[in-house]
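# Secondary and tertiary structure notes
The chain contents come next:
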Amino acid sequence: MKHNLDKILTIELANLPTPIQEAKKLAEAIGLSKLFIKRDDLTGLAGGGNKARKLEYDFSEIVNGGYDVVITAGGVQSNHARMTAAAARKLGLDVKLVLGGPDFESAQGNLLLDVLFNVEIRYLVDDDANTSLESEMKRWSDELLIAGRKPFVIPIGGSTGLGALGYVKAMEELSYQCKHGNVQIILGVGSCGTFAGTILGAQIFIPDARVIGISVSRAAEAIRKRTLELIEESARLINYKISKNINIECYDDYHIEYGLMTDAGKQAIDLAANLEGVLLDPIYTGKVMSGLIDLTEKGIVSKNNPVVFIHTGGMPILFSFESELGITLNCKKIYK
Ligand SMILES: Cc1ncc(COP(=O)(O)O)c(C=O)c1O
């Protein structure tokens, strides 16, 4: 278990350690003996979420490398983009975002927060394919270079071997907080960095843990391939020799198209809100909770072993889903 994780430079951006809370009523409703929520939605950085841990590594490279402008990309409601904008502003850097998705009338949710950070945005209407977003980032970076700037491009979702170290470190943190060795750790998977870091970190710090990924966009096979690449990259960076076969357990049955809410996801959001006062979101964590419920029902997640649900954030997205959430206001207006 030799590694040099602590030698890799970081810059402080997140409020760590995040709390871990037992969710007894939700556990009972799902039929689990024990359920804990690791509150990475409370990392801070303009609304919290998993990306704060990754950005501590990326921004260290940016600041130490003397870059003056940061470019990143994502979907219209990208949490990663919003948190990158916040980090750049905190550190006095310029920031540009390439976003893509359906056309919109007004800025809501994460996009509203991007606007508050006064970010220059290029928006690919009806196109959020990774290849289009990446080529627009490259074009913008080239333009900035020609203009004499020093741009740093953070890939979509911040998922690099370096960024994934944020979740290797998170597993060290979890190993101090949760003494159940046989724990089942469940989390959402998009660009795979969080999943990769969690699997590698669990192997190092909580070797008896089982890590379960719930896809929010891609097919399980593509996730396994990309996650393994990232695990190997992260392990190289910290000089860690992967000691056993890596089992990448991932389910892709709980999403439809990326960015759309599912009925089961909506029910999971309602359940967590009403039983625990915890807010999940329609694109990521709501789907993960719906996956946990279904996998427990099917006996794939063991009822007897404790579960840690990593709450990766995403709360601002709720504020762009008013109509899909079917909000009916139970409010009696009283005029004096
Ligand atoms: C709230 C939330 N959860 C989970 C994820 C998935 O993380 P990753 O892209 O590292 O797989 C994201 C990524 O955007 C996210 O914003």
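One can find the structure itself at the top, above this paragraph.
Residues numbered from 1 in each chain as written. Predicted model: local features only at pLDDT ≥ 70, side-chain atom pairs only at ≥ 80, totals over all residues. Heavy atoms only, no water.

## Let's talk about the packing of helix α2 (residues 51–64) against helix α6 (residues 161–177)
Relative to each other, α2 and α6 sit at 135 degrees, their axes nearing to 7 Å. Put simply, α2 runs oblique to α6. Crossing hand, α2 versus α6: right-handed. Contacts from Arg-53, Lys-54, Tyr-57, Asp-58 and Glu-61 of α2 reach α6 at Leu-162, Gly-163, Leu-165, Gly-166, Tyr-167, Lys-169, Ala-170 and Glu-173. Taken together, the residues that form the contact of α2 with α6 break down as 5 nonpolar, 2 polar and 6 charged. (Axes fitted to C-alpha atoms, helices over the stretch in contact; angles between N-to-C directions. Helix = DSSP H or I, 4+ residues; strand = E, 2+ residues; numbered from the N terminus. Parallel < 35°, antiparallel > 145°, perpendicular 65-115°, else oblique. Left-handed = near helix turned anticlockwise from the far one by under 90°. Contact = heavy atoms within 4.5 Å. Nonpolar A, V, L, I, M, F, W, Y, C, P; charged D, E, K, R; others polar.)

## Things to note about the pattern of salt bridges
For the coordinates displayed, the defined rule picks out 21 salt bridges. Measuring nitrogen to oxygen at the nearest pair gives 2.8 Å for the salt bridge that ties Glu-120 to Lys-96. Placement of Glu-120 in strand β5 (residues 120–125) and of Lys-96 in strand β4 (residues 94–101) is noted, with a sequence separation of 24 residues between them. When its relative accessible area of 41% is taken as the criterion, Glu-120 is described as partly exposed. Given a relative accessible area of 8%, Lys-96 falls into the buried group. (Salt bridge = Lys/Arg side-chain N within 4 Å of Asp/Glu carboxyl O. Buried < 20%, exposed > 50% of the residue type's maximum accessible area, 1.4 Å probe, protein only.)

## Let's talk about the site of the ligand
Taken together, 16 residues lie near the ligand, and Lys-54, Gly-190, Ser-191, Thr-194 and Thr-312 sit nearest. Lys-54 places a polar side-chain atom, nitrogen or oxygen, 2.7 Å from an oxygen atom of the ligand. Alone, the ligand offers 390 Å² of accessible surface; in the complex the protein occludes 97% of this. Looking at the shell around the ligand, the elements that each hand over two or more residues are α2, β7 (184–189) and α7 (193–205). Residues that form the shell around the ligand fall into these classes: 3 nonpolar, 11 polar and 2 charged. If you count residues domain by domain, the shell around the ligand takes at least three from each of domain 1 (5–47 + 159–320) and domain 2 (51–157). (Near = heavy atom within 4 Å. Polar contact = N/O pair within 3.5 Å; in protein donor to acceptor, adjacent residues only side chain to side chain. Areas by Shrake-Rupley, 256 points an atom, 1.4 Å probe, with all protein chains shown as cover. Domains from an automatic or database assignment.)

## Considering the sheet that holds strand β6 (residues 151–153)
An order of β5-β4-β3-β6 is seen for the 4 strands of this open sheet, with the pairing classed as parallel. Sheet topology places β5 and β6 at the edges, where each strand pairs with a single neighbour. Each strand axis lies, on average, 20 degrees off the axis of its neighbour in the sheet, ignoring direction. In the sheet, strand β3 (residues 69–75) pairs with β4 via 7 bridges, with the strands oriented parallel. Of the residues in β4, the one forming a bridge with Val-70 is Val-95. (Pairing = 2+ DSSP bridges.)

## Quick look at the sheet that holds strand β2 (residues 35–38)
With mixed pairing, the 6 strands of this open sheet are ordered in space as β1-β2-β10-β7-β8-β9. In this open sheet, the two strands that pair with only one neighbour each are β1 (20–22) and β9 (249–251). The mean inter-strand angle of the sheet, taken between neighbouring strand axes irrespective of direction, is 25 degrees. Inspection of the sheet shows strand β8 (residues 210–215) paired to β9 by 3 bridges, in the parallel sense. Within β9, the residue paired with Ile-212 across the bridge is Glu-249.

## A few points about the pairing of β5
Strand direction decides the pairing type here: β4 and β5, joined by 6 bridges, are parallel. The partner of Val-98 across the bridge, within β5, is Arg-122. Regarding topology, helix α4 (residues 109–116) serves as the crossover connection from β4 to the parallel β5, and that connection is right-handed. (Right-handed = clockwise from strand over helix to strand, strands pointing away.)

Shape descriptors only; they carry no functional weight alone.
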